[in-house]
Amino acid sequence: MDIEEFVRKKLRENVPEEKIIEEGFKRVLEFKEDEEFSLKFIKAVLEEVKASEKILKIKDETLKNLLLYPRAGVKMGEAGVGSRGEGDFFVHREIARIIKSCKSRAIIDSEDQDDAGVVKAKGKYIVAAVDGTHSRLSEFPFIAGFHVARAALRDIYVMGAEGLALLSDIHLADDGDVGKIFDFTAGIATVSEATEVPLIGGSTLRVGGDMVLGERLVSSVTAIGSGDHITARRHAKEGDLILMTVGSGGGTICATAIYHGYFDVVYETLNVNFILDCQKLIRNSLTNKVHAMTDVTNGGIRGDAFEISKTAKVSLVFDYETLVKTVNKKVLKMLEELNIDFLGVSTGSLLIICPEDTAREIKRLIDVIEVGYVERGNKSYLIKDGKREELKPKFREAPYTPVKKVVDREPENFEEMKEKIRKACDEAIKKKEFVLNNLLKKRN
């Protein structure tokens, strides 16, 4: 419960202050169970919010613009942000417009929509990636820590880099039990020790400081790596073969299992096979011959294939019958029983795009399945029952929990929504350029 948001919303609706205090007191009391503290707390929050709301009345328009954010009039859930579908991909491309990344130094940045960013230093590629903890695993911190650490490392390794270090960022709401921090860290440390990539530090804070009541855990893990060769998505070439390992999923599959009662499936996800396979490829110099790699996570193969085709300007063609074999049998059985499209969820397979002769070498070193090929074009396709159909993401990834099935609605006018989002992004860019120009003037 975000008390600051509650108070701010009520003030803007012109609700009388005494009513805000009365209702807010009851809400705080639900969590704090101390009447004297709860009353003092809600009054203090009201005092702070009233002071900050005076920003709306200041005459300095430049300062007001700096402090207030451009409103798109589109909510995160409405836009599908974080739901690994068409809406999410669009917003991330807009984010890339803001970030120019010092182009002279960035080898791979947000514009590439890749698994990690890359710069070069002293002849080496330095690779960095950050992954946020699966939002539905807040109550299961060890599993959350394990999978977010593994996900961050996957993003390093699929760029052809060896993992060097991990960093954790833990935000626990005000009423969260401290034991969650330890359990989450233990999950990260398990992956760290199993892959021999050290966890070297991080940050531990509360969600929203004093303002967010409850036990919600919001966190992320950053991974750093280095390598001599980069296997970015944009390097996929016509004539390449597509190989995939068997994936047993991560945070998404765990959430699916937990919220449908398939608890034994969680065991299937607790492995570091993906990273060990990548380490073998790198240490046997095979990634130097690979054109592109990725992990099947961004809305499943539907999302990843779409993004690779868009970035590399090629068509990926998959055979349905072999794709089925790339999903762990227990995981696939669960997905089929729940009527969840395995092509639209994160299965955690390693996807490799490489020339035919390299594919033969890889098959001798690790267990992979040849699932398709790359041809000229800019869309991805699925061959099923002898028919060729376009393989593309939906507005959101396949809904994999009861709640996600309820919220799985496409916007009535996505194009109108995109235009609003673009305008908000344009305003953010203007603000950035204004402040940046002033900083550069002072430096000169």
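Refer to the structure presented above.
In this report, the structure presented in the accompanying data block is examined. Residue numbers here run from 1 along each chain, matching the order of that chain's written sequence. pLDDT decides what is reported in this predicted model: residues at 70 or higher carry local features, side-chain atom pairs at 80 or more are listed and counted, and totals for whole chains, interfaces and linings draw on all residues regardless. Heavy atoms from the whole structure form the basis of all side-chain values; hydrogens and water molecules are not counted.

**Some details on the overall build of the protein chain**
Turning to step 1, where the next piece is worked out: Per the convention used, a helix needs a DSSP run of H or I reaching at least four residues, while a strand needs a run of E reaching at least two, with both numbered from the N terminus. Tallying secondary structure elements over the protein chain gives 17 helices and 13 strands in all.
Turning to step 2, where the next piece is worked out: Each radius of gyration is computed over the set of C-alpha atoms, and the globule rule expresses the reference value as 2.2 Å times the number of residues to the power 0.38. Taken over the C-alpha trace, the protein chain has a radius of gyration of 24 Å; the compact-globule value for 444 residues is 22 Å, and the two agree within 12%.
Turning to step 3, where the next piece is worked out: Here the C-alpha coordinates of the protein chain stretch approximately 75 × 55 × 45 Å along the principal axes.
Turning to step 4, where the next piece is worked out: Burial here depends on accessible area, computed with a 1.4 Å probe over protein chains only, as a share of the maximum for the residue type. Under 20% is buried, over 50% is exposed, and the range in between is partly exposed. The buried share among the 444 residues of the protein chain stands at 49%.
Turning to step 5, where the next piece is worked out: Note on contacts: a residue pair qualifies if any of its non-hydrogen atoms lie within 4.5 Å across the two residues. Pairs at least 24 residues apart make up 79% of the contacts formed inside the protein chain by residues separated by at least 6 positions.
Turning to step 6, where the next piece is worked out: Here the protein chain displays about 22600 Å² of accessible surface, and carbon together with sulfur accounts for 52% of that area.
Turning to step 7, where the next piece is worked out: Within the protein chain, the 73 negative side-chain charges are centred at a point lying 5 Å from the centre of the 69 positive side-chain charges. Throughout, the Shrake-Rupley method with a 1.4 Å probe supplies accessible areas, and for residues the shown protein chains are the sole cover considered. In this count, Lys and Arg are taken as positive residues and Asp and Glu as negative ones, while His and the chain termini are left out. The location of each charge is read from NZ of Lys, CZ of Arg, CG of Asp or CD of Glu.

**A look at the state of the cysteines**
Turning to step 1, where the next piece is worked out: We call a pair of cysteine sulfur atoms a disulfide when they lie within 2.5 Å. Using the criterion set out here, one finds 0 disulfides in the structure.
Turning to step 2, where the next piece is worked out: Its sulfur unpaired, Cys278 is 13 Å from the next cysteine sulfur, which belongs to Cys354.

**Points about the pairing of strand β11 (residues 369-376)**
Where a strand is regular, its side chains alternate between the two sheet faces.
Turning to step 1, where the next piece is worked out: Strand pairing is assigned whenever DSSP detects at least two bridges linking the two strands. As paired elements, strand β7 (residues 241-244) and β11 share 4 bridges and run antiparallel to each other. Pairing of Leu241 across the sheet is with Tyr373, part of β11.
Turning to step 2, where the next piece is worked out: Inspection of the sheet shows strand β9 (residues 314-319) paired to β11 by 5 bridges, in the antiparallel sense. Note that in β11 the partner of Leu316 across the bridge is Val374.

**Comments concerning the packing of aromatic side chains**
Turning to step 1, where the next piece is worked out: Here a pair means two rings of Phe, Tyr or Trp (six-membered ring of Trp) with centres within 6.5 Å. Their orientation is stacked below 30 degrees between planes, edge-to-face above 60, and tilted elsewhere. Taken as a whole and judged by the stated rule, the model has 5 aromatic pairs.
Turning to step 2, where the next piece is worked out: Note on Phe140 and Tyr259: the rings are 6.4 Å apart at their centroids and 75 degrees apart in plane angle, and the pair reads as edge-to-face. Of the two residues, Phe140 is situated in the loop between β3 (124-132) and α7 (141-157) and Tyr259 in the loop between α9 (251-258) and α10 (265-269); the sequence distance between them amounts to 119 residues.
Turning to step 3, where the next piece is worked out: Residue Phe140 is classed as partly exposed on the basis of its relative accessible area of 30%.
Turning to step 4, where the next piece is worked out: An angle of 55 degrees between the planes, with centres 5.8 Å apart, marks the rings of Tyr320 and Phe342 as tilted. Taken together, the positions of Tyr320 in helix α13 (residues 320-324) and Phe342 in the loop between α14 (329-337) and β10 (350-354) put the pair 22 residues apart, joining distant regions of the chain.

**Focus: the side chain of Thr252**
Turning to step 1, where the next piece is worked out: Tracing the chain through its elements places Thr252 in helix α9.
Turning to step 2, where the next piece is worked out: Looking at Thr252, the relative accessible area reads 10%, which means it is buried.
Turning to step 3, where the next piece is worked out: Residues in contact with Thr252, not counting those within four places in the same chain, are His134, Val345, Ser346 and Tyr400.

**Points about the layout of surface pockets**
Turning to step 1, where the next piece is worked out: In this structure, the second largest pocket occupies an estimated 550 Å³ of space.
Turning to step 2, where the next piece is worked out: Taken together, 19 residues make up the lining of the second largest pocket; nearest its centre are Arg8, Arg12, Glu53, Tyr69 and Arg71.
Turning to step 3, where the next piece is worked out: Take the lining of the second largest pocket: its biggest share by element is 5 residues, from helix α1 (residues 3-12).
Turning to step 4, where the next piece is worked out: Amino acids outside the nonpolar list (Ala, Val, Leu, Ile, Met, Phe, Trp, Tyr, Cys, Pro) and the charged list (Asp, Glu, Lys, Arg) are all regarded as polar, and Gly is one of them. Its residues assigned to classes, the lining of the second largest pocket comprises 6 nonpolar, 2 polar and 11 charged. The pocket and cavity definitions rest on a 1 Å grid over protein atoms only: a 1.4 Å probe that fits but cannot leave marks a cavity, an open set with protein on both sides within 12 Å along at least five of seven lines marks a pocket, and residues lining either have an atom within 4 Å of a point. Grid points are joined across faces, edges and corners, and a volume is the space filled by probe spheres set on the points.

**Remarks on the packing of α7 against helix α11 (residues 273-283)**
Packed helices, taken two at a time, are described by their axes: the angle between them and the distance between them.
Turning to step 1, where the next piece is worked out: The geometry of α7 relative to α11 is characterised by a closest axis approach of 10 Å and an angle of 20 degrees between their N-to-C directions. Between α7 and α11, the angle falls in the class roughly parallel. The way α7 lies across α11 gives a crossing that is left-handed. Side by side, α7 and α11 meet where Arg150, Leu153, Arg154 and Tyr157 of the first sit next to Phe274, Ile275, Cys278, Gln279 and Ile282 of the second.
Turning to step 2, where the next piece is worked out: Looking at side-chain class alone, the contact of α7 with α11 contains 6 nonpolar, 1 polar and 2 charged residues. Helix axes use the C-alpha atoms of the stretch in contact, all axes being lines fitted to C-alpha atoms, and the angles between their N-to-C directions lie in the range 0 to 180 degrees. For classification, angles of less than 35 degrees are called roughly parallel, those exceeding 145 degrees roughly antiparallel, those between 65 and 115 degrees roughly perpendicular, and all remaining angles oblique. Each crossing is labelled by how the near helix is turned from the far one, with a counterclockwise turn of less than a right angle marking it left-handed and a clockwise turn marking it right-handed.

**As for a nonpolar patch on the surface**
Turning to step 1, where the next piece is worked out: The patches reported here contain residues having more than 30% relative accessible area and no salt bridge. Joining distances are 9 Å for like charges and 5 Å for nonpolar side chains (Val, Leu, Ile, Met, Phe, Trp, Tyr). Here a salt bridge means any side-chain nitrogen of Lys or Arg lying within 4 Å of a carboxyl oxygen belonging to Asp or Glu. Taken together, the side chains of Leu56, Leu63, Leu66, Leu67, Leu68, Phe434, Val435, Leu436, Leu439 and Leu440 define a hydrophobic patch exposed on the protein surface, amounting to about 780 Å² of accessible area.
Turning to step 2, where the next piece is worked out: Elements that contribute at least two residues to the nonpolar patch include exactly α4 (61-67) and α17 (414-443).
Turning to step 3, where the next piece is worked out: Among the elements that line the nonpolar patch, the one with the most residues is α17, at 5 residues.
Turning to step 4, where the next piece is worked out: Of note, Leu56 is situated in the loop between α3 (35-53) and α4.

**Things to note about the nonpolar core**
Turning to step 1, where the next piece is worked out: Nonpolar core, defined: a set of buried Ala, Val, Leu, Ile, Met, Phe, Trp, Tyr and Cys residues in which side-chain atoms within 4.5 Å join the residues together. Core analysis: the largest hydrophobic core is formed by 91 residues, its most contacted members being Phe318, Ile352 and Ile362.
Turning to step 2, where the next piece is worked out: Counting residues per element, this core draws most heavily on α7, which supplies 9 residues.
Turning to step 3, where the next piece is worked out: Ignoring any residue separated from it by four or fewer positions in sequence, one finds Ile352 in contact with Leu241, Ile242, Leu243, Leu281, Val290, Ala292, Met293, Ile362, Ile366 and Val368.
Turning to step 4, where the next piece is worked out: Ile3, Phe6, Ile42 and Val45 belong to the second largest nonpolar core, which has 15 residues in total.

**A word on the sheet that holds strand β5 (residues 199-206)**
Turning to step 1, where the next piece is worked out: Strand order across the open sheet formed by 6 strands is β1-β2-β3-β6-β4-β5, with mixed pairing between neighbours. Among the strands making up the open sheet, the edge pair consists of β1 (106-108) and β5. Ignoring which end each strand starts from, the neighbouring axes of this sheet average 25 degrees apart.
Turning to step 2, where the next piece is worked out: The sheet contact formed by strand β4 (residues 162-172) and strand β6 (residues 217-227) spans 10 bridges and is antiparallel. The residue of β6 that forms the bridge with Glu162 is Ser226.
Turning to step 3, where the next piece is worked out: Along the sheet, α7 contacts β3, β4 and β6; its crossing angle with β6, the most-contacted strand, is approximately 30 degrees.
Turning to step 4, where the next piece is worked out: Across the sheet, helix α8 (residues 179-195) is in contact with β4, β5 and β6; its angle to β4 comes to roughly 170 degrees.

**Structural notes on the pattern of salt bridges**
Turning to step 1, where the next piece is worked out: Using the criterion set out here, one finds 33 salt bridges in the structure.
Turning to step 2, where the next piece is worked out: For Lys32, the salt bridge goes to Asp174, with nearest N and O atoms at 2.5 Å. Of this pair, Lys32 sits in helix α2 (residues 17-32) while Asp174 is found in the loop between β4 and α8, placing the two residues 142 residues apart along the sequence.
Turning to step 3, where the next piece is worked out: Under the relative-accessibility criterion, Asp174 is labelled partly exposed at 25%.
Turning to step 4, where the next piece is worked out: Where Arg154 meets Asp295, a salt bridge forms, and the shortest distance between an N and an O atom there is 2.9 Å.

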